Amino acid sequence: MTEVRTPQVTAQHIPEKSEFQDDFGIGRVPGSFRVNDPDSDGEQTFWYVCPCGCGSLAPLTVGNGFKPTNAGYATWQWDGSLDRPTLHPSVHHVGHWHGWLRNGVWESC
Ligand SMILES: [Zn+2]
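Residues numbered from 1 in each chain as written. Predicted model: local features only at pLDDT ≥ 70, side-chain atom pairs only at ≥ 80, totals over all residues. Heavy atoms only, no water.

Visitor: Can you tell me about the overall build of the chain, naming the residues and giving the values?
Guide: If you tally the helices and strands in the chain, you get one helix and nine strands. When the helices and strands of the chain are placed in sequence order, the string is β-α-β-β-β-β-β-β-β-β. Over its C-alpha atoms the chain spans a radius of gyration of 13 Å, differing by no more than 12% from the 13 Å that the globule rule assigns to 109 residues. On the principal axes, the C-alpha backbone points of the chain span a range of 35 × 30 × 25 Å. Classification of the 109 residues of the chain by burial places 41% in the buried group. Residue pairs in contact within the chain that sit at least 24 positions apart in sequence constitute 35% of those at least 6 positions apart. For the chain, the accessible area works out to roughly 6100 Å², and carbon and sulfur atoms hold 48% of it. (Helix = DSSP H or I, 4+ residues; strand = E, 2+ residues; numbered from the N terminus. Rg over C-alpha atoms; globule rule 2.2 N^0.38 Å. Buried < 20%, exposed > 50% of the residue type's maximum accessible area, 1.4 Å probe, protein only. Contact = heavy atoms within 4.5 Å. Areas by Shrake-Rupley, 256 points an atom, 1.4 Å probe, with all protein chains shown as cover.)

Next comes the structure, spelled out in C-alpha cells:
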C-alpha cells in the first residue's frame, strides 16, 4: 500500500469507546481519537483512526505536557487538549499516512 497525502483532516474527539471503535470499522471517523486515563507514570494511550480513511486504529503512548522518556518505545508529547490537540513529534501510520497533528488538524507532510 502506498502512503497517501490527504487534505487537512479534523481531529474529532469521540470519548465513547463503542462510538469511537465501531466494531465493524464501518463508521469510524478518519482522524478521530480518544484518550485513556493516565497510568501511574502519567502515560496515556491516545487512540486514533488513521487519517487516510482506511478505518484502522492505532495507539500512541503520550504524556500530557511531557514526552515520556523511560518507556522503551516511541512516545509523544500531547498538549492535553481534547478540542484542538497537538502531538509532537509527527505521527507515522506506516504504509498509510505520515504527518502532524497540530491544533486539532492532521496535516500530511
Ligand atoms: Zn490508513
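Visitor: Quick one: what's the story with the coordination of the zinc ion, residue by residue and with numbers?
Guide: Looking at the zinc ion, one finds its protein donor set to be Cys50 (SG), Cys52 (SG), Cys54 (SG) and His96 (ND1), positioned 2.1 to 2.3 Å from the metal centre. Donor residues for the zinc ion, ordered by position in the chain, follow C-x1-C-x1-C-x41-H. (Donors = N, O, S within 2.8 Å, 3.2 Å for Na, K, Ca; no water.)

Visitor: Can you break down the sheet that holds strand 4 (residues 57–64) residue by residue, with the values?
Guide: Taken in spatial order, the five strands make up an open sheet running 2-3-4-5-6, and their pairing is mixed. Only two strands of the sheet have a single neighbouring strand rather than two, namely strand 2 (33–35) and strand 6 (87–88). Here three bridges tie strand 2 to strand 3 (residues 43–49), and the two strands are oriented antiparallel to one another. Note that in strand 3 the partner of Arg34 across the bridge is Trp47. (Pairing = 2+ DSSP bridges.)

Visitor: Mind laying out the pairing of strand 5 (residues 75–78), listing which residues take part and the relevant values?
Guide: Here strand 4 pairs with strand 5 via four bridges, running parallel. Along strand 5, the bridge assignment pairs Thr61 with Thr75. Here two bridges tie strand 5 to strand 6, and the two strands are oriented antiparallel to one another. Considered in strand 6, the bridge of Gln77 is made with His88.

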